[in-house]
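# Residue-level structure breakdown
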Amino acid sequence: MSVERRLFFALSLPAKLQKQVIKWRADNFPQDTGRPVAAANLHITLAFLGEISELKAEALTRVAGRIQAQKFSLCLDDIGHWPGSGVVWIGTKRAPNALLQLASVLRSHAARNGCHQSTLPFHPHVSLYRSATRPVAIPPATPNWQLDAEEFSLYESTYERGRTRYRCLQSWPLADVPAT
């Protein structure tokens, strides 16, 4: 019997940025906003794979290792609330092309390997709260944090003792911008 695991490709947030986001969130939202995402779980999803077999995970891991993508920086300068999904998020108003290309390549390979991909456009964001189904007062601005992406990773999502936990399974470096 094949065991399936819930996997996704993502960009992680450095520990220092995680702490800044958590403090800012605590200072700007009431406690009853929704279910806060744990600091260690803050990330930008590039491609959600879903519940997949070990064989499919191995194939996608091999593909990820062959991807040649460039390092990039993005500014977390946008904020919003999706009432339908109950997510309060921070994101970027202008996603760098390198980020969009990386997500597109990963999603394309995931789809070719039988992983359903959303038909919604890619919207890079960090989920701050889940289950925020009531109206949420959105702060007028974010602190405009910079995220320097130097690698992307494959994560496993597990549910243990009433908590969702993300565990990094493997990471791949992004390349320096070629000299011109």
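So, here's what we can say about the structure.

Cut-off values and rules
Residues numbered from 1 in each chain as written. Predicted model: local features only at pLDDT ≥ 70, side-chain atom pairs only at ≥ 80, totals over all residues. Heavy atoms only, no water. Phe/Tyr/Trp six-rings, centres within 6.5 Å; stacked < 30°, edge-to-face > 60°. Helix = DSSP H or I, 4+ residues; strand = E, 2+ residues; numbered from the N terminus. Lys NZ or Arg CZ within 6 Å of the ring centre and 35° of its normal. Core = buried A, V, L, I, M, F, W, Y, C linked by side-chain atoms within 4.5 Å. Buried < 20%, exposed > 50% of the residue type's maximum accessible area, 1.4 Å probe, protein only. Contact = heavy atoms within 4.5 Å.

## Details of the packing of aromatic side chains
- Inspection of every chain in the model, using the stated rule, returns nine aromatic pairs.
- Here the aromatic rings of Phe 8 and Tyr 166 are separated by 5.0 Å at their centres, their planes lie at 80°, and the arrangement is edge-to-face. With a gap of 158 residues between them, Phe 8 in strand E1 (residues 4-12) and Tyr 166 in strand E10 (residues 163-173) connect regions that are remote in the sequence.
- Seen in terms of ring centroids, Trp 24 and Phe 29 are 5.9 Å apart; in terms of plane orientation they differ by 80°. Their pairing is edge-to-face.
- One aromatic cluster in this structure is built from Trp 24, Phe 29, Tyr 129 and Trp 145.
- A cation sits over an aromatic face here: Arg 25 above Tyr 129, 5.2 Å from the ring centre.

## Concerning the nonpolar core
- Counting 45 residues, the largest nonpolar core has Phe 9, Leu 46, Leu 49, Phe 72, Ile 90, Leu 102 and Phe 152 as its most contacted members.
- Here this core gets six residues from one element, more than from any other, and that element is helix H3 (residues 97-112).
- Contact partners of Leu 102, with chain neighbours within four places excluded, come to Leu 46, Ile 67, Ala 69, Phe 72, Phe 152 and Leu 174.

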